[in-house]
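# Summary of the model geometry
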Amino acid sequence: MNILLWVLQVLAALLYAASGVMKVFMFDKVSKDVPSFGAMPRETWMALGIFELVCTGGLVVPAALHWHSTLTVVAAAVLTIESLVFVWVHVKYGEITSIVLSGVLGLLMAFIAYGRMVLKPIL
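Cut-offs and rules
- Residues numbered from 1 in each chain as written.
- Predicted model: local features only at pLDDT ≥ 70, side-chain atom pairs only at ≥ 80, totals over all residues.
- Heavy atoms only, no water.
- Core = buried A, V, L, I, M, F, W, Y, C linked by side-chain atoms within 4.5 Å.
- Buried < 20%, exposed > 50% of the residue type's maximum accessible area, 1.4 Å probe, protein only.
- Helix = DSSP H or I, 4+ residues; strand = E, 2+ residues; numbered from the N terminus.
- Contact = heavy atoms within 4.5 Å.
- Expected span 1.5 Å × (residues − 1).
- pLDDT = per-residue confidence, 0-100.

Of all hydrophobic cores here, the largest spans 15 residues; its most connected members are Ala12, Leu59, Ala76, Leu79, Leu108, Met109 and Ile112. Listing elements by their share of this core, those giving two or more residues are helix H1 (2-25), helix H3 (42-65), helix H4 (70-93) and helix H5 (96-119). Here this core takes five residues from H5, the largest share from any one element. What Met109 contacts, discounting residues up to four positions off in sequence, is Ala12, Tyr16, Leu59, Ala76, Leu79 and Thr80.

Laid out in structure tokens, this is it:
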């Protein structure tokens with residue numbers, strides 16, 4: 001279980017890092033093709049991107065260093081909530097692929113949070 005959770009944490013960290021970089025540094029280029037990016041101001045998307053980058057570190061660094069490893073659970077739980085918000089935004093714009101992707105990421109983050117809190121906590 002520990003290996004599975006680590007693989008999922010690293011995979012999720014890579015996905016959220018890419019998403020955060022896109023929102024912070026490539027927003028203008030990417031936003032042209034995605035109608036839901038108009039749901040919030042650019043500054044809000046940039047803040048969410050920075051937030052995702054911080055949580056990316058929270059998914060891996062505290063657990064790897066065995067330093068305040070509960071931050072890994074917090075990062076995963078917060079990203080779960082963010083994913084649910086994005087599902088709602090994408091539903092509003094009818095973006096089926098993005099709904100599915102956000103939903104799957106939300107479930108993945110919920111599993112990581114549960115796994116690191118209950119199934120195989122990092123001590």
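Let us keep going from here.
Take the side chain of Ser36 next. Note that Ser36 resides in the loop between helix H2 (27-31) and H3. Looking at Ser36, the relative accessible area reads 1%, which means it is buried. Excluding its chain neighbours within four sequence positions, the residues that come into contact with Ser36 are Trp45, Val89, His90, Tyr93 and Glu95.

To continue, consider H1. The end-to-end C-alpha separation of H1 is 34 Å, in line with the 34 Å expected for 24 residues at 1.5 Å each. For H1, every residue scored as buried is listed here: Leu5, Leu8, Gln9, Ala12, Ala13, Tyr16, Ser19, Gly20, Lys23 and Val24. The elements touched by buried residues of H1 are H2, H3, H4 and H5.

Per-residue confidence for the protein gives a mean pLDDT of 92, with 100% of residues at or over 70. The lowest-confidence element of the protein is H2, averaging 83 in pLDDT; the highest-confidence one is H5, averaging 95.

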